[in-house]
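Coordinate analysis (summary)
Below, each chain spelled out in residue letters.
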Amino acid sequence: MDEAGEANNGIIAENSEDETQTRAQAQAQAQDKVWMDTTKDGSFSRTQADSSVNGTFGEGLADPAKNKEIRASQFRALGRFLERLQGRFVTGLDLGTTAADMDQIRVETAYVTDTTGSLGAQDDFTADMTAYGVYIGIVTSLRHQGVADLQGIPVAVQGLGKVGHALCRYLHAAGARLIVADVVPERVQRALVQFSGAIPADPARIHAADCKVFAPCALGGVITPATVEELRCSIVAGAANNQLSERQLVAGRMQARGILYAPDYVLSAGGIISTACELQGAGPDLIRQKVAGIAGTLSKVFAEAARSGISTADAADRLAEAILESGQND
């Protein structure tokens, strides 16, 4: 049993007269470790935003199979955790979460965005900005390899949730040839109907599709020591968090194979940029302009990797750490 589990058992044993309250306390404590485990990528994504706001994620709670009471209590537990941080982190919509979830966090703390009625919660704006950032990253990566545009370029998109579907919309409008996959058949069918010429693929094998760009937009850890050897693309650029199961090993293998990796937290920063800008009172046009700045950041990552002879993953970390250490954004 881990430390969180032992602590939880202790709380419940010491106060068995109020089981409901102690279970809620235990649950809140058990989530603390989850929140801390998400902060690295949130902090690194924050370096892409012109803001002192850090970002974290609620996606670990977003299991749709949980009943409403459990789901609500867990998001409120996240709210209590964020309240203790006193503004050092602000959360918002992410994978599988809804404005209603953010409303539950708001019960406990003001350090949350994308609540009902906010810009970020309207028409999936946050997801759209995340997708737009990934699209910008894909275009930047292609240009780095000497490809001028997406016309006729095969792109394999794994995951057709809010972000993945929005990314397909941007790619299709730019003339890309889409290969799509999702574990939910209805999402695949929707994409095939909406995006003419798109073809379906096996969700478990789409990483091995014959394509120019592989865009992971589902859950993390999709690129493993085994699957990295099966990649047939020249670019990996997607929205999924923590795409590399064994970061150093997999990043090194992609570098050795000549596959350009666009680091996930750089490309997916559109969401946190949107959140930071909204907190500063910016409107959608300015937010879109800020998200487009991901192109410049990614170009710096590629340049640092080439200059130092390191992977793009390490180059992104180096640049992000330098910004965090300096205490300011460029």
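Just so it is clear, the model here is predicted, and its values are computed rather than measured.

1. What about the overall build of the protein chain?
- Within the protein chain one finds 14 helices and eight strands.
- Counting every position in the protein chain, which comprises 330 residues, the buried fraction comes to 51%.
- In the protein chain, once contacts between residues fewer than 6 apart in sequence are set aside, the share between residues at least 24 apart is 59%.
- About 15,000 Å² of surface is accessible on the protein chain, with carbon and sulfur atoms providing 51% of the total.

2. Details of the environment of Asp101
- Looking at the element boundaries, Asp101 is found in helix 5 (residues 99-108).
- Note: C-alpha distance between Asp101 and Thr116 (15 residues apart in sequence) is 9.5 Å.
- Residues in contact with Asp101, not counting those within four places in the same chain, are Arg71, Phe75 and Gly96.
- Only 2.9 Å separates the side chain of Asp101 from the backbone nitrogen of Thr98, close enough to count as a polar contact.

3. Here we look at the confidence of the model for the protein chain
- Averaged over all residues, the pLDDT of the protein chain is 83; the fraction at 70 or higher stands at 78%.
- Confidence over residues 1-40 falls short of pLDDT 50; this stretch has 35 contacts with residues more than four positions distant or in other chains.

4. Concerning the packing of helix 6 (residues 125-144) against helix 11 (residues 270-279)
- At a minimum axis distance of 7 Å, the contact between helix 6 and helix 11 shows a crossing angle of 130°. Between helix 6 and helix 11, the angle falls in the class oblique. Note that helix 6 runs across helix 11; the crossing there is right-handed. Contacts from Phe125, Thr126, Met129 and Thr130 of helix 6 reach helix 11 at Gly270, Gly271 and Ser274.

5. Some remarks on the sheet that holds strand 7 (residues 235-236)
- Within the open sheet, the six strands sit side by side as 5-4-3-6-7-8. Their pairing is parallel. Each edge of the open sheet is held by one strand with a lone partner, namely strand 5 (199-200) and strand 8 (260-261).
- With two bridges connecting them, strand 4 (residues 177-181) and strand 5 associate as parallel partners. Within strand 5, the residue paired with Ile179 across the bridge is Ile199.

6. Concerning the side chain of Asp114
- Inspection of the secondary structure puts Asp114 in the loop between helix 5 and helix 6.
- No salt bridge is formed by the buried Asp114; its nearest oppositely charged neighbour, Arg106, is found at 8.9 Å.
- Separated by 3.2 Å, the side chains of Asp114 and Thr126 make a polar contact.

7. Notes on the nonpolar core
- Tyr135, Ile138, Leu150, Val157, Leu167 and Leu171 are the most contacted members of the largest nonpolar core, which has 57 residues in total.
- Ranked by size, the runner-up nonpolar core spans 20 residues in total, among them Ala156, Ile206, Phe214 and Val236.

8. Notes on the pattern of salt bridges
- Here the structure, examined in full by the defined rule, presents 14 salt bridges.
- Two residues, Arg76 and Glu108, come together in a salt bridge whose shortest N-O distance is 2.8 Å. Of this pair, Arg76 sits in helix 4 (residues 68-85) while Glu108 is found in helix 5, placing the two residues 32 residues apart along the sequence.
- With a relative accessible area of 32%, Arg76 lands in the partly exposed category.
- With its nearest N and O atoms 3.3 Å apart, the salt bridge here joins Lys162 to Asp124.

9. A few points about the pairing of strand 3 (residues 154-158)
- The buried fraction of strand 3 amounts to five of the five residues, a majority that puts the element mostly inside the structure.
- Here strand 3 shows no split at all, with Pro154, Ala156 and Gln158 on one side and Val155 and Val157 on the other all buried.
- Here five bridges tie strand 3 to strand 4, and the two strands are oriented parallel to one another. In the strand pairing of strand 4, Pro154 is matched with Arg177.
- The β-α-β motif built from strand 3, the intervening helix 7 (residues 162-173) and the parallel element strand 4 has right-handed crossover chirality.

10. A short note on the packing of helix 6 against helix 12 (residues 284-292)
- Interaxial distance between helix 6 and helix 12 falls to 9 Å at its minimum, and their mutual angle equals 35°. Between helix 6 and helix 12 lies a crossing of right-handed hand. Counted together, Phe125, Asp128, Met129, Tyr132, Gly133 and Ile136 of helix 6 and Pro284, Ile287, Arg288, Val291 and Ala292 of helix 12 form the full contact between these two elements.
- Looking at the contact of helix 6 with helix 12, its residues break down into eight nonpolar, one polar and two charged.

11. Overview of helix 13 (residues 294-308)
- Spanning 15 residues, helix 13 covers 21 Å between terminal C-alpha atoms, matching the ideal 21 Å at 1.5 Å per step.
- Burial in helix 13 covers these residues: Ile294, Leu298, Val301, Phe302, Glu304 and Ala305. Looking straight down helix 13, one finds that the buried residues subtend no more than 160° of arc, so they occupy a single side. For helix 13, exposure combined with an orientation more than 90 degrees from the buried face picks out Lys300, Ala306 and Arg307.
- Structurally, helix 13 contributes buried residues whose contacts are with helix 6, strand 8, helix 10 (264-267), helix 11, helix 12 and helix 14 (312-326).
- Backbone geometry just after helix 13 places Gly309 at a positive phi near 65°.

Procedures and definitions
Residues numbered from 1 in each chain as written. Predicted model: local features only at pLDDT ≥ 70, side-chain atom pairs only at ≥ 80, totals over all residues. Heavy atoms only, no water. Helix = DSSP H or I, 4+ residues; strand = E, 2+ residues; numbered from the N terminus. Buried < 20%, exposed > 50% of the residue type's maximum accessible area, 1.4 Å probe, protein only. Contact = heavy atoms within 4.5 Å. Areas by Shrake-Rupley, 256 points an atom, 1.4 Å probe, with all protein chains shown as cover. Polar contact = N/O pair within 3.5 Å; in protein donor to acceptor, adjacent residues only side chain to side chain. pLDDT = per-residue confidence, 0-100. Axes fitted to C-alpha atoms, helices over the stretch in contact; angles between N-to-C directions. Parallel < 35°, antiparallel > 145°, perpendicular 65-115°, else oblique. Left-handed = near helix turned anticlockwise from the far one by under 90°. Pairing = 2+ DSSP bridges. Lys, Arg positive; Asp, Glu negative; His and termini not counted. Salt bridge = Lys/Arg side-chain N within 4 Å of Asp/Glu carboxyl O. Core = buried A, V, L, I, M, F, W, Y, C linked by side-chain atoms within 4.5 Å. Right-handed = clockwise from strand over helix to strand, strands pointing away. Nonpolar A, V, L, I, M, F, W, Y, C, P; charged D, E, K, R; others polar. Expected span 1.5 Å × (residues − 1). Arc of directions from axis to C-beta.

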